[in-house]
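Architecture at a glance
Each chain is listed here by its residues.
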Amino acid sequence: MASFSKWVDTHCHFDDSIFDPQASTWLELSQNLYAMIVPGVSPDSWDLMISKLAPLVNVYWAVGVHPWWAEKASILPDDFGRFFEHPRCIALGECGLDGAIALPMDQQLSIFEQQVRWACDLKRPLIIHAHKAHSQVLKVLAQHRPQAGGVIHAFAGSFELAMQYWRKGFYLGIGGVITYERAKKTRATVARLPLEAILLETDAPYMPLCGYQGQANSPGRVIEVARQLAELREVSPEQIAQQTFINAQTLFGFQYV
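Scope of this entry: the structure provided in the associated data block. (Residues numbered from 1 in each chain as written. Predicted model: local features only at pLDDT ≥ 70, side-chain atom pairs only at ≥ 80, totals over all residues. Heavy atoms only, no water.)

**A short note on the environment of Asn-32**
Where we set the bar: Helix and strand labels come from DSSP, where a helix needs a run of H or I of at least four residues and a strand needs a run of E of at least two; each type is numbered from the N terminus. Accessible area is worked out with a 1.4 Å probe on protein chains only. A residue is then buried under 20% of its type maximum, exposed over 50%, and partly exposed in between.
Tracing the chain through its elements places Asn-32 in the loop between α1 (23-29) and β2 (33-39). Under the relative-accessibility criterion, Asn-32 is labelled partly exposed at 46%. Sequence separation between Asn-32 and Asp-98 is 66 residues, and the spatial gap between their C-alpha atoms is 33 Å.

Set out below in structure tokens:
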């Protein structure tokens, strides 16, 4: 594997309780990572998430309201302020829209638009969940145009859709889906995208890679995502490592704290 060691998993849920019983084992699997970014999904979980992550070296986080938890969320702007005082709170999210859930889209839009506006005010990047709702997400981003940009988590769409996001300043989060041969559209997309537009992620403990079905995913497997990406693009893993690190650093601006 590449000698370059600054791998970044830009989207994993390392605060999930599944990691607790074997925390040392999971950390060992992830020891080759320069950084992990853990998105918050609900105001009810932010404090617990941070208390679990703060003792860990070079684990960063975001706070946001995922559409799956949007129905129960009641947020005031002050709820965000104190979290962004911490130097390792580096983004807003995971937020977004999901066209496959029961919550009406107008209710999702209200909460998502509020978070996009806050990202604009705070000048923070967004971590966006967009599932069967890309046209609505693009419309919101066109209306508000967050200066700090962001990333579309778990992107699995066409090249044309990816470029629409990229032109708006949004990276594409690429994870384990590309390890499945059946994901032909996504594999073809990542082979064509500018490498400067790609971030690596795992969504651990979810979205297991091919060959690991039925197992909890690990942030350390972001390196295997990179290996597959290198094969699809016919470049070296070293090149993937270097550019995706630059991309993550450019978007999130993290540093050892």
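**Regarding the sheet that holds strand β7 (residues 170-174)**
The condition is simple: Paired strands, in this sense, are two strands between which DSSP finds at least two bridges. Only C-alpha atoms enter the line fits that serve as axes; for helices the fit covers just the stretch in contact. Angles between N-to-C directions range over 0 to 180 degrees.
In space, the eight strands of this open sheet follow the order β1-β2-β3-β4-β5-β6-β7-β8, with parallel pairing throughout. Of all strands in the sheet, those with a lone pairing partner are β1 (7-9) and β8 (198-200), marking the two edges. Adjacent strand axes in the sheet meet at a mean angle of 30° when their direction is disregarded. Pairing between strand β5 (residues 126-131) and strand β6 (residues 150-153): four bridges, direction parallel. By the bridge assignment for β6, His-129 is matched with His-153.

**Things to note about the pairing of β5**
How we decide: Handedness of a crossover is defined as follows: with both strands directed away from the viewer, a clockwise route from the first strand across the helix to the second makes it right-handed.
With respect to burial, β5 is a largely interior element, five of its six residues being buried. In this structure, strand β4 (residues 89-98) lies alongside β5, joined through six bridges in parallel fashion. Among the inter-strand pairings, Asp-98 is bridged to a residue of β5, identified as His-131. On the question of chirality, the crossover connecting β4 to the parallel β5 by way of helix α4 (residues 105-122) is right-handed. Remark: the β5/helix α5 (residues 134-144)/β6 crossover connection has right-handed handedness.

**Comments concerning the packing of aromatic side chains**
Applied cut-off: For Phe, Tyr and Trp, where Trp contributes only its six-membered ring, two rings pair if their centres lie within 6.5 Å, and the inter-plane angle classes them as stacked under 30 degrees, edge-to-face over 60, or tilted in between. By definition, being over a ring means that NZ of Lys or CZ of Arg is both within 6 Å of the ring centre and within 35 degrees of the ring normal.
In this structure the tally under the stated criterion is six aromatic pairs. Seen from the ring of Phe-159, Arg-192 lies directly overhead, with NZ or CZ sitting 3.8 Å from the centre. In this arrangement the basic side chain of Arg-221 is found over the ring face of Tyr-212, its NZ or CZ atom lying 3.8 Å from the centre.

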